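# Structural characterization, general
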Amino acid sequence: MAKAPILTPQAEDFPRWYQDLINKAELADNGPVRGTMVIRPYGYGLWERMQQEMDARIKDAGASNAYFPLFIPQSYLTREAEHVEGFAPELAVVTHGGGKELDEPIVVRPTSETIINEYFSKWVQSYRDLPLLINQWANVVRWEMRPRVFLRTTEFLWQEGHTAHATYEDARDYAARIHRDVYYDFMVNVLGIDVVLGRKTPKERFAGAINTLTLEGMMRDGKALQMGTSHELGQNFAKAFNTSYLSKDGQQELVWQTSWGVSTRMVGGLIMSHGDDSGLRVPPRLAPVQAVVLAIKGDDAVIAKVREIGDRLKAAGVRVQVDDRTDTPFGRRAVDWELKGVPVRIEIGPRDLENGTAMLARRIPGGKEPVRIDELTALLPKVLEEDQALLLSQSRERREERTTDVSTIEEAAEAAVAGGWARIPWSVLGAEGEAKLAEQAVTVRCLVTEDGGVPETDDAPGALAIVARAY
């Protein structure tokens, strides 16, 4: 009888494979309240690395970190009509505290535009206070009807940036800078996911924004995942909260604003973009552990050598872990590291030690080969960069191969339902066609230009709609 696979094969049941992998790779568990999750240490390690990479880019863009309260007076949300309407079905509201009914209900933070504007209106007095560029790392709560770990949870972790500018052009350019230089750079060059930069249609736009820029990634099952967004808020929130400044001309002017965010959804995107039937495949630039050095047997000389190699690799800048738990069978440990997607395994036993070699197992392209132990320190950085590039090229090839240019609404729906993306002129599809596609659970993910850029307006001539089924 054939041995049952550790994970449900992707081709058999992709959602089941996703859940199996989260469990077997020890990434997360379901929380005690429906829709919540417990992120386990290895899963949180992935998020921490994402935070570190993102935080550096956000600071390079001039923003500073701050923190705002989790609890927001309900009256704040009602000040911007479109915003409260968009979020109303997802709100968690506290009505009692300290054993008493509260004078005013409190909303558990779904996003922070309203409370941050309350303070921006105090902090911004003059044009000299602008631009004001703030980011916070926080948790948010949006009551989720169809939860899925990392992808859609009632509580999730994220960063949310909020900025105030003197002019529309300043705000527009800053939203585009975050979209391109922070999010796109990180997702392509660290996550190894070939995301598409685009503009959301009015129907898909963030509630209260005048424009939403998005990054869409194709998962291995052909569906799209919105990986992050950057919004131009115009002056909608500034009007609601009277966030204004005294201009150089001595006139009182409303600020122009942006907001932007990415979340633990990126962990789900990482899993579904790169994972295979053997488990995760973690991009080396992201990986908390880039290489694991395994002792095959509990031989004193072998143990000493794997520890020595670990120290040398660590000194060379490789994020390394030594696995000398020889009371656990080697095969089980190797499978566990494969499930976790560690890019490189260096396996050493007594015979390897005699030969001065180690077995180098590469998770991303697959395969094993013996290498000289004294060559490992020089070899590993090259191997890790090759494997990083391979993940990105595989992501790009998958998207290009499974994207079809079409000329009718029917063809667009057919391509999406079949497990791919369709590209159709927005002038052909339009808002009416977008509504028809929605009846088949197909959405317009974004608008792009023919050369892969971002249209400047919703009705820009020649704009193409990217159509897909989505998570």
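Since the model is a prediction, treat every value here as computed from it, not as a measurement. (Residues numbered from 1 in each chain as written. Predicted model: local features only at pLDDT ≥ 70, side-chain atom pairs only at ≥ 80, totals over all residues. Heavy atoms only, no water.)

Before going further, it helps to spend a moment on the sheet that holds strand 6 (residues 100-108). One open sheet holds the three strands; their spatial order is 4-6-5, and the pairing between them is antiparallel. Strands with a single pairing partner mark the edges of an open sheet, and in this sheet they are strand 4 (71-73) and strand 5 (93-97). Adjacent strand axes in the sheet meet at a mean angle of 50° when their direction is disregarded. Note that strand 4 and strand 6 share three bridges and pair antiparallel. Residue Phe71 lies in a different strand from strand 6, and its bridge partner there is Val108. (Pairing = 2+ DSSP bridges. Helix = DSSP H or I, 4+ residues; strand = E, 2+ residues; numbered from the N terminus. Axes fitted to C-alpha atoms, helices over the stretch in contact; angles between N-to-C directions.)

In this section: the environment of Tyr119. If you trace the backbone, Tyr119 turns up in helix 5 (residues 113-123). By relative accessible area, Tyr119 is classed as partly exposed at 29%. Between the alpha carbons of Tyr119 and Thr243 there is a distance of 8.8 Å; along the sequence they are 124 residues apart. (Buried < 20%, exposed > 50% of the residue type's maximum accessible area, 1.4 Å probe, protein only.)

For the rest of this paragraph, the subject is the side chain of Arg265. Counting through the fold element by element, Arg265 comes out in helix 8 (residues 265-274). Although Arg265 is buried, it makes no salt bridge; Glu144 carries the closest opposite charge, 6.8 Å away. A polar contact of 3.4 Å, which involves the side chain of Arg265, links it to the backbone oxygen of Gln226. In contact with Arg265, other than residues within four places in its own chain, are Phe150, Leu151, Arg152, Leu225, Gln226 and Tyr471. (Lys, Arg positive; Asp, Glu negative; His and termini not counted. Salt bridge = Lys/Arg side-chain N within 4 Å of Asp/Glu carboxyl O. Polar contact = N/O pair within 3.5 Å; in protein donor to acceptor, adjacent residues only side chain to side chain. Contact = heavy atoms within 4.5 Å.)

This part covers the nonpolar core. Judged by nonpolar contacts, the single largest core of 58 residues is most densely connected at Phe150, Met187, Leu191 and Ile271. With seven residues, the top contributor of residues to this core is helix 6 (residues 168-189). Within the second largest apolar cluster, 23 residues are counted, among which are Val124, Leu130, Leu233 and Phe241. (Core = buried A, V, L, I, M, F, W, Y, C linked by side-chain atoms within 4.5 Å.)

The next point concerns the pattern of salt bridges. Evaluated as defined, the whole model comprises 31 salt bridges. A salt bridge links Asp173 to Arg172, with the shortest nitrogen-to-oxygen separation between them at 3.0 Å. With relative accessibility at 43%, the residue Asp173 sits in the partly exposed group. For Arg172, a relative accessible area of 32% translates into the label partly exposed. A salt bridge links Arg325 to Asp323, with the shortest nitrogen-to-oxygen separation between them at 2.8 Å. Asp323 gets classed as buried once you look at its relative accessible area, which sits at 1%. Three or more residues are tied together by salt bridges with common partners; here these are Arg49, Glu53, Arg57 and Asp185.

Look at the link from Leu130 to Pro131: it is a cis peptide, with omega at -5°. For Phe150, which is not a glycine, the phi torsion comes out positive at approximately 70°. Inspection of the secondary structure puts Phe150 in the loop between strand 7 (132-141) and strand 8 (155-165). Accessibility expressed as a relative area gives 2% for Phe150, which makes it buried. Phi is positive for Asn242, which is not a glycine, with a value near 50°.

Here we take up the packing of aromatic side chains. Tallied over the full model, the rule gives ten aromatic pairs. When the ring of Tyr76 is compared with that of Phe241, the centres are 6.1 Å apart and the planes differ by 80°; the resulting orientation is edge-to-face. Taken together, the residues Tyr76 in helix 3 (residues 74-77) and Phe241 in helix 7 (residues 236-241) connect sequence positions 165 residues apart. Residue classification places Phe241 among the buried positions, given a relative accessible area of 6%. Ring geometry for Tyr174 against Trp260: centres 6.3 Å apart, planes inclined by 55°, an arrangement best described as tilted. (Phe/Tyr/Trp six-rings, centres within 6.5 Å; stacked < 30°, edge-to-face > 60°.)

Look at helix 9 (residues 300-315) against helix 12 (residues 376-401): their axes get within 10 Å of each other, and the N-to-C directions meet at 55°. The pairing of helix 9 with helix 12 is recorded here as oblique in orientation. Classified by chirality, the crossing of helix 12 by helix 9 is right-handed. Two secondary-structure elements touch here, helix 9 through Ile309, Arg312 and Leu313 and helix 12 through Leu376, Thr377 and Leu380. (Parallel < 35°, antiparallel > 145°, perpendicular 65-115°, else oblique. Left-handed = near helix turned anticlockwise from the far one by under 90°.)

So, on to the side chain of Asp55. By the secondary structure assignment, Asp55 is in helix 2 (residues 41-60). Taking relative accessible area as the criterion, Asp55 reaches 13% and is therefore assigned buried. Side-chain polar atoms of Asp55 contact the side chain of Asn65, separated by 2.9 Å. Leave out the neighbours within four places in its chain, and Asp55 touches Asn65, Asn135 and Trp137.

Turning our attention to the sheet that holds strand 17 (residues 344-348). Here five strands make up an open sheet; going across it, the order is 16-15-17-18-19 and the pairing mixed. Pairing within the sheet leaves two strands with one partner each, and these edge strands are strand 16 (320-323) and strand 19 (368-372). Between one strand and the next, the sheet's axes are offset by a mean angle of 25°, whatever the strand orientation. For strand 15 (residues 291-295) and strand 16, the ladder comprises four bridges, and the chain directions are parallel. Bridge assignment links Val292 to a residue of strand 16, and that residue is Gln321.

Scope: geometric values only; no functional claims are made or implied.
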